[in-house]
Number of protein chains: 2
Amino acid sequence: MPMVTTTKDTGPVREHLKSLGLTKYEALVYIALLRAESASATKIHEISGVPRASVYPVLDKLIKKGLVSVSNTTPKQFDAVPPDEGLKHLLLQIERDAEAAKKELVAIYQSREDHEERKQEMIWTLAGRENIENRISDMLANAASSVIIFGARDLITPRILDLIAQVPGTVAVDIATDGTFAPGALPPNVRVRDIENLIQAGLLQGEQMAGVFIADRERLLLRLNGDDISPSALYSESPAFLQLFLNYWNHITTSLLT
Amino acid sequence: MPMVTTTKDTGPVREHLKSLGLTKYEALVYIALLRAESASATKIHEISGVPRASVYPVLDKLIKKGLVSVSNTTPKQFDAVPPDEGLKHLLLQIERDAEAAKKELVAIYQSREDHEERKQEMIWTLAGRENIENRISDMLANAASSVIIFGARDLITPRILDLIAQVPGTVAVDIATDGTFAPGALPPNVRVRDIENLIQAGLLQGEQMAGVFIADRERLLLRLNGDDISPSALYSESPAFLQLFLNYWNHITTSLLT
DNA sequence: TAAATGTTGTTACGATAAAGACGACAGGTA
DNA sequence: TACCTGTCGTCTTTATCGTAACAACATTTA
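Treat the numbers as computed from the prediction; the structure is a model and nothing was measured. Here the residue numbering is sequential within each chain, running from 1 through the sequence in written order. Just so you know, chain letters begin at A and ligand numbers begin at 1, following the order they were written in. At least 70 in pLDDT is required for a residue's local features to be given in this predicted model, at least 80 for side-chain atom pairs to be given and counted, and no such filter applies to totals for whole chains, interfaces and linings, which use all residues. Processing note: side-chain calculations cover all non-hydrogen atoms of the structure and skip hydrogens and water entirely.

Regarding the protein's contact with DNA strand D
Inference 1: Around DNA strand D, 16 residues are found, and the nearest of them are K24 and Y25 of chain A together with T42, R52 and K76 of chain B.
Inference 2: Restricting the count to atoms of DNA strand D within 4 Å of the protein gives a sugar and phosphate share of 63%.
Inference 3: Counted as a polar contact is a pair of N or O atoms within 3.5 Å, where, for protein atoms, one must be capable of donating a hydrogen and the other of accepting one, and residues adjacent in sequence contribute only when both atoms are in side chains. Between DNA strand D and S54 of chain A, the relevant distance is 3.5 Å, taken from a base nitrogen to a side-chain nitrogen or oxygen of the residue.
Inference 4: For DNA strand D, a phosphate oxygen lies 3.1 Å from a polar atom in the side chain of Y56 of chain B.
Inference 5: Counting from the N terminus, the helices are the DSSP runs of H or I reaching at least four residues and the strands are the DSSP runs of E reaching at least two. Secondary-structure elements contributing two or more residues to the surface near DNA strand D are α2 (24-36) and α4 (52-64) of chain A together with α3 (41-48) and α4 (52-64) of chain B.
Inference 6: The leading source of residues in the surface near DNA strand D is α4 of chain A, at four residues.
Inference 7: Classification convention: Asp, Glu, Lys, Arg as charged; Ala, Val, Leu, Ile, Met, Phe, Trp, Tyr, Cys, Pro as nonpolar; all other residues, Gly among them, as polar. Residues belonging to the surface near DNA strand D are distributed by class as follows: seven nonpolar, four polar and five charged. One heavy atom within 4 Å of a molecule or strand is enough for the residue carrying it to be called near that molecule or strand.

Spelled out as structure tokens, the structure:
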């Protein structure tokens, strides 16, 4: 009974499996086998919707990847390796590759000629919410003496809040924003200033969503377009550029004193 | 000076980066940027050998992946994110995907109808040295009461030896082989028998490289063609099939008593 | 038993999508 | 003027997707 089911609900899983190096067909066949518990090629074809002729080469690849095993009966029966076991080894292989790649790339990176002069004065653009938060993450994680953050409350997302909480106690963290934080969410080395009255006084206007992150007074990230679908940010280690915002910061703190 | 270097030594790195989802060009451009420290598109083209026109879209993708940042100067300058940082986030994303996929797939796997009868009697084929060792790994890691291993000494590779050493002390491990082990390499719950004299007596012949791994007397892996380029193995939970080798095992142990 | 029917494993070939490769061109810089 | 940058369009190549056909074998039916 050729009951060919269409490519149904298997929505996000396929995308996730693609990250692990599986093709569309490989994902479909593997999922079908997880459902079926030892099936023939034809049955796999019926469940997965993958053309019957394509099932065989796809199964070969899955076998080589250690996700599927074959019986020695005739006709052959195929069975999925349990997903926790199969994915574990798949991921392990990727992690090994990543480790090897990192090793070689770091070697290249460190042996390059350092012409930092130019680079120091450069202002760089970052794209994508994820990448921006990653950069902030690295700034906070590597901060040795001080961290300064100011801007709209929305900028300090739960993830960033979490990163702040993990900054060592020896690092002075200064935050100036217009909102509040849950009590006890921040360690004692973090000082929060409320700039709401400054905003109302017209001293801080413009890009509502812009925000500034400064680490050790030498690394700066300027976040823009926070409400856009693809936000962007500027990053710089330029002393001149930094000084601009450090002055800005001085302005804020002294204004708050009055 | 158009000094277009050919796709040179960057041998294995590219393969490793492919595991992380990078294409050939992406890998070449990223490596070039690691060498160059903030270069223009043309310079990247010269170093990497990637066609100049192709460099731009490739850089876009690398930027989206958080591996490259752009200056706001004109002409644009590009710079590589340090590899340890960049690869970390890349791998993190993959691990998140793997975790999500595992969750969904395990759900599917557990909700499938259990028709174990047929499967129990089945004998499965595994392909590839890596996959075979992975299966052995899982057998040893999940063994609850007993482990039996017999066959040529070559089968017990350093990795397997390591796995044996990690088996909990409550599990009785029996090994029969024709070679020796470094003193202290094995914990006290492992008992080793020497079958060399049995081999010389002609009681154990045939496939020199075949070996048997049995866990809890209910899971069996039969390794074949150990010297072949792509070795294979049989796996089974069939009681009948298992009994065959348990008898074999009895034969060995009793023969050694005389 | 013999013919009819169905299934399996394999091969071949076309369609589509992605990556790789090349040339051309408007605009800006030196 | 000469050069470089950024962009576009096109072409080739490769991998994946998808369809069709076929020999070998097994099963059913007459």
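The rest of the description comes next.
Concerning the relation of the copies chain B and chain A
The operation relating the two chain copies consists of a rotation about an axis and a shift along that axis.
Inference 1: Take chain B, turn it by 180°, move it 0.0 Å along the axis, and it overlays chain A with an RMSD of 0.1 Å. Taken together, these values place the two copies in the relation of a two-fold axis.
Inference 2: By definition in these notes, contact holds between two residues if any of their heavy atoms fall within 4.5 Å. Interface overlap between copies is the fraction of interface residues in one copy that are interface residues in the other; for chain B against chain A it reaches 100%, indicating a shared surface. Only residues with pLDDT of at least 70 in both copies count here: their C-alpha atoms drive the least-squares fit that superposes the copies.

Description of the protein's contact with DNA strand C
Inference 1: Taken together, the neighbourhood of DNA strand C is formed by 16 residues, with T42 and K76 of chain A together with K24, Y25 and A53 of chain B sitting nearest.
Inference 2: When the atoms of DNA strand C within 4 Å of the protein are sorted by group, sugar and phosphate make up 63%.
Inference 3: Contact distances for DNA strand C include 3.2 Å between a base nitrogen and a side-chain N or O atom of S54 of chain B.
Inference 4: Counting residues per element, the ones that place at least two in the surface near DNA strand C are α3 (41-48) and α4 of chain A together with α2 (24-36) and α4 of chain B.
Inference 5: With four residues, α4 of chain B is the largest single contributor of residues to the surface near DNA strand C.
Inference 6: Its residues assigned to classes, the surface near DNA strand C comprises seven nonpolar, four polar and five charged.

Here we look at the sheet that holds strand β6 (residues 190-194) of chain B
Inference 1: Pairing between two strands requires that DSSP report at least two bridges joining them. Across the sheet, nine strands lie side by side as β2(A)-β1(A)-β3(B)-β9(B)-β8(B)-β7(B)-β4(B)-β5(B)-β6(B); this open sheet has mixed pairing. Both outer strands of the open sheet, β2 (78-80) of chain A together with β6 of chain B, are each paired with one neighbouring strand and no more. Each strand of the sheet is rotated relative to its neighbour by a mean of 20°, with strand direction disregarded.
Inference 2: Here strand β7 (residues 211-215) of chain B pairs with strand β8 (residues 219-224) of chain B via five bridges, running antiparallel. Counterpart to I214 of chain B in the pairing with β8 of chain B is L220 of chain B.
Inference 3: Those strands touched by helix α10 (residues 239-257) of chain B are β3 (123-127), β4 (146-151), β5 (172-177), β6, β7, β8 and β9 (232-236) of chain B, and its axis lies near 75° from that of β4 of chain B. Throughout, an axis means a line fitted to C-alpha atoms (over the contacting stretch in the case of helices), and angles, computed between N-to-C directions, take values from 0 to 180 degrees.

What to know about the sheet that holds strand β3 (residues 123-127) of chain A
Inference 1: Pairing within the open sheet is mixed, and its nine strands lie in the order β6(A)-β5(A)-β4(A)-β7(A)-β8(A)-β9(A)-β3(A)-β1(B)-β2(B). Looking at strand neighbours, the two that pair on one side only are β6 (190-194) of chain A together with β2 (78-80) of chain B, the edges of this open sheet. The mean inter-strand angle of the sheet, taken between neighbouring strand axes irrespective of direction, is 20°.
Inference 2: Judged from the five bridges that link them, strand β4 (residues 146-151) of chain A and strand β7 (residues 211-215) of chain A form a sheet pairing that is antiparallel. Note on β7 of chain A: the bridge partner recorded for I148 of chain A is I214 of chain A.
Inference 3: Contacts between helix α7 (residues 129-142) of chain A and the sheet are confined to β3, β4, β7, β8 (219-224) and β9 (232-236) of chain A, with β8 of chain A contributing the most and set at about 150° to the helix.

Section: the pattern of salt bridges
Inference 1: Each salt bridge in this description consists of a side-chain nitrogen of Lys or Arg and a carboxyl oxygen of Asp or Glu lying within 4 Å of one another. For the structure on display, the rule yields 20 salt bridges over all chains.
Inference 2: The closest approach of N and O atoms between K88 of chain A and D138 of chain B, which form a salt bridge, is 3.5 Å. Of this pair, K88 of chain A sits in helix α5 (residues 83-110) while D138 of chain B is found in helix α7 (residues 129-142), placing the two residues in two different chains.
Inference 3: Among the residues examined, K88 of chain A registers a relative accessible area of 39% and is labelled partly exposed. Categorising residues by exposure relies on relative accessible area from a 1.4 Å probe, with only protein chains included: less than 20% of the type maximum marks a residue as buried, more than 50% marks it as exposed, and the intermediate range marks it as partly exposed.

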